[in-house]
Amino acid sequence: MRIAVPNKGRLHEPTIDLLERAGLHLENGADRKLYADTVDPDVSVLFARAADIPEYVADGAAEMGITGYDQVQEARVETVSELLDLEFGRCRLVLAAPEDGDIEEVADLAGKTVATEFPNITADFFADTGVEPDIVEVSGATELTPHVEMADAIVDITSTGTTLKMNRLAVVDEVLASSVRLFARDDVVENTKVEEVRTALASVKQADGKRYLMMNVPESELEAVRDVIPGMGGPTIMDIADENGNGKVAVHAVVDESDVFETITEVKKAGASDILVTEIERLVE
Ligand SMILES: Nc1ncnc2c1ncn2[C@@H]1O[C@H](COP(=O)(O)OP(=O)(O)OP(=O)(O)O)[C@@H](O)[C@H]1O
Ligand SMILES: O=P(O)(O)OC[C@H]1O[C@H](OP(=O)(O)OP(=O)(O)O)[C@H](O)[C@@H]1O
Ligand SMILES: [Mg+2]
C-alpha cells in the first residue's frame, strides 16, 4: 500500500509530522527521494507535488493520497474517495480583483479575463453563475496578473489575506474552502490496510486538543468528582493497589484542553488530590 504525500511546499512538513505521530515512522526517507519505507512493511510513501497527487492516486502510482481539497477538485479525478478531513492547510480559493477597480461582483466579469492556477475549479464556479469570462491559466504569482494587464481578476488561494492586501486586491467572492484530505482510490477503499491507515491518522486528530487527567479520589467523594468531569464517556475508575490506599481510587479521564483549568479547580474542590495532566498522542475510538 502506497501513500502519495507532498514532496515540498507548505504541506510537506505537517504531513510527515502527522504520519510520524500516527506511528507510521518514515525510514530511509532522506530529502529528494521519490519513495520512503515506513515501519509498517506494507505501507510505503511516494513523494509528489501537491498538485499531482490526486492524479497519481487515480492512475495507480499510489493507492492513497494526502493533499489539499483544492487539488483534488482541480484534478477532476472521478475514481477516488475522501476518507478523512485532516483539518490542516486550511485556506480559501477566492475571486479577487483590484481594490480600486470597477469589479465589485461576479456579474462585472462578463467579457473579462480571470487568471488562475485552478482553471477547472474556476470554470465550474463561473458555470454556476452564468457569467463567462475568459480563463487564463498561470503557474504562479497569480496576484501580479491584474497589475500587468494580463487579467481583470484572479482566482487564488488566501489564508491570512496578506498576499492579497500586499497586491491591493480585494475579495469579490469565495469559490472554495479547502483543507488537507486523506483519500484513496475507490477500488481499495475497503482494504484492511487502508482502514488501518485511516484509523491511525484519525487517532492523531482525535487526540489533538485533548488532555489526560489522572487523580486520586476518596471513595466517599467519587460521585462528586464524577459529576464535575466533562468529556468522553465516563471516567475510568481504578482501585489503588497500595494496601494503604486509605479508601481512595484513581480516576482517569480524557478532557478537552480548554476544560482542563476549570476541571482541575472543580475536582479539587470535590476532594481529588495528586492530579496529573498529560498530553495524549493518539486516541482510537
Ligand atoms: N496560504 C496558504 N494557507 C494554507 N494552505 C495553503 C496556502 N497556500 C497553499 N495551501 C495549501 O497547500 C497546497 C499546496 O500549496 P504549496 O504552496 O505548498 O504547494 P505548491 O505551491 O503547489 O508547490 P510547488 O512548489 O510544488 O508548486 C495548496 O493546494 C493548498 O491546499
Ligand atoms: O493569504 P496568505 O496568508 O497571504 O496566503 C496566500 C498565499 O499563499 C500561497 O502562496 P505560497 O506562500 O504557498 O507561495 P507559492 O506562491 O510559492 O506557492 C498562495 O498561493 C498565496 O499566494
Ligand atoms: Mg504555494
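Residues numbered from 1 in each chain as written. Chains lettered and ligands numbered in written order. Predicted model: local features only at pLDDT ≥ 70, side-chain atom pairs only at ≥ 80, totals over all residues. Heavy atoms only, no water.

## Quick word on the domain arrangement of the chain
Phase 1: On domain assignment, one finds that the chain holds domain 1 (2-89 + 179-206), domain 2 (91-178) and domain 3 (210-279).
Phase 2: The C-alpha centroid of domain 3 is placed 53 Å from the C-alpha centroid of domain 2. (Domains from an automatic or database assignment.)

## Considering the UniProt feature "domain: ATP phosphoribosyltransferase catalytic" (unreviewed entry) in the chain
Phase 1: As annotated by UniProt and renumbered to match this structure, "domain: ATP phosphoribosyltransferase catalytic" (unreviewed entry) occupies residues 49-201.
Phase 2: Strand forms 32% of residues 49-201 and helix 26%; the C-alpha atoms that close the span are 21 Å apart. (UniProt positions renumbered as here; feature names shortened; annotations may be inferred. Helix = DSSP H or I, 4+ residues; strand = E, 2+ residues; numbered from the N terminus.)

## Some words on the sheet that holds strand S15 (residues 248-256)
Phase 1: Read from one edge of the open sheet, four strands run S14-S15-S13-S16, paired in antiparallel fashion. The sheet is open, and its two edges are formed by strand S14 (236-239) and strand S16 (273-279), each paired on a single side. Sheet twist, expressed as the average angle between the axes of neighbouring strands with direction ignored, equals 20 degrees.
Phase 2: Relative to S15, S14 runs antiparallel, the two sharing four bridges. In the strand pairing of S15, Asp239 is matched with Val249. (Pairing = 2+ DSSP bridges. Axes fitted to C-alpha atoms, helices over the stretch in contact; angles between N-to-C directions.)

## So, the packing of aromatic side chains
Phase 1: Evaluated as defined, the whole model comprises one aromatic pair.
Phase 2: On the basis of an interplanar angle of 80 degrees and a centroid distance of 5.1 Å, the ring pair of Phe125 and Phe126 is categorised as edge-to-face. A single burial state applies to Phe125 and to Phe126, both of which are buried. (Phe/Tyr/Trp six-rings, centres within 6.5 Å; stacked < 30°, edge-to-face > 60°. Buried < 20%, exposed > 50% of the residue type's maximum accessible area, 1.4 Å probe, protein only.)

## Topic: the site of ligand 2
Phase 1: Surveying the vicinity of ligand 2 reveals the residues Arg10, Glu143, Ile157, Thr158, Ser159, Thr160, Gly161, Thr162 and Thr163.
Phase 2: Within the side chain of Thr163, an N or O atom sits 2.5 Å from an oxygen atom of ligand 2.
Phase 3: Calculation on ligand 2 without its partners gives an accessible area of 500 Å², and the protein chains cover 59% of this total.
Phase 4: Every element with two or more residues in the shell around ligand 2 is listed here: strand S10 (153-158) and helix H5 (162-166).
Phase 5: Across the shell around ligand 2, the residue classes tally to one nonpolar, six polar and two charged. (Near = heavy atom within 4 Å. Polar contact = N/O pair within 3.5 Å; in protein donor to acceptor, adjacent residues only side chain to side chain. Areas by Shrake-Rupley, 256 points an atom, 1.4 Å probe, with all protein chains shown as cover. Nonpolar A, V, L, I, M, F, W, Y, C, P; charged D, E, K, R; others polar.)

## Some words on helix H6 (residues 192-207)
Phase 1: Over its 16 residues, H6 runs 23 Å from end to end, which matches the ideal 22 Å to within 8%, given 1.5 Å per residue.
Phase 2: Among the residues of H6, those classed as buried are Lys193, Val194, Val197, Ala200, Leu201, Ala202, Ser203, Val204 and Ala207.
Phase 3: Next to the buried residues of H6 lie strand S1 (2-6), helix H1 (12-21), strand S5 (64-68), strand S6 (80-85), strand S12 (180-185) and strand S13 (210-218).
Phase 4: Between the side-chain oxygen of the N-cap and the backbone nitrogen of Lys193 there are 2.7 Å, and the N-cap of H6 in question is Asn191.
Phase 5: Looking at the residues trailing H6, positive phi occurs at Gly209, about 75 degrees. (Expected span 1.5 Å × (residues − 1). Contact = heavy atoms within 4.5 Å.)

## Some details on the site of ligand 1
Phase 1: Ligand 1 sits among 14 residues. The nearest are Arg10, Arg49, Asp70, Gln71 and Ser159.
Phase 2: Between an oxygen atom of ligand 1 and a side-chain N or O atom of Asp70, the distance comes to 2.8 Å.
Phase 3: The contact in question runs from a nitrogen atom of ligand 1 to an N or O atom on the side chain of Ser159, over 3.1 Å.
Phase 4: For ligand 1, the protein covers 77% of the area, taking 620 Å² as the surface of the free molecule.
Phase 5: Within the shell around ligand 1, the residues separate by chemical class into four nonpolar, five polar and five charged.
Phase 6: Counting contributing residues per domain, the shell around ligand 1 is built from domain 1 (2-89 + 179-206) and domain 2 (91-178), each supplying no fewer than three.

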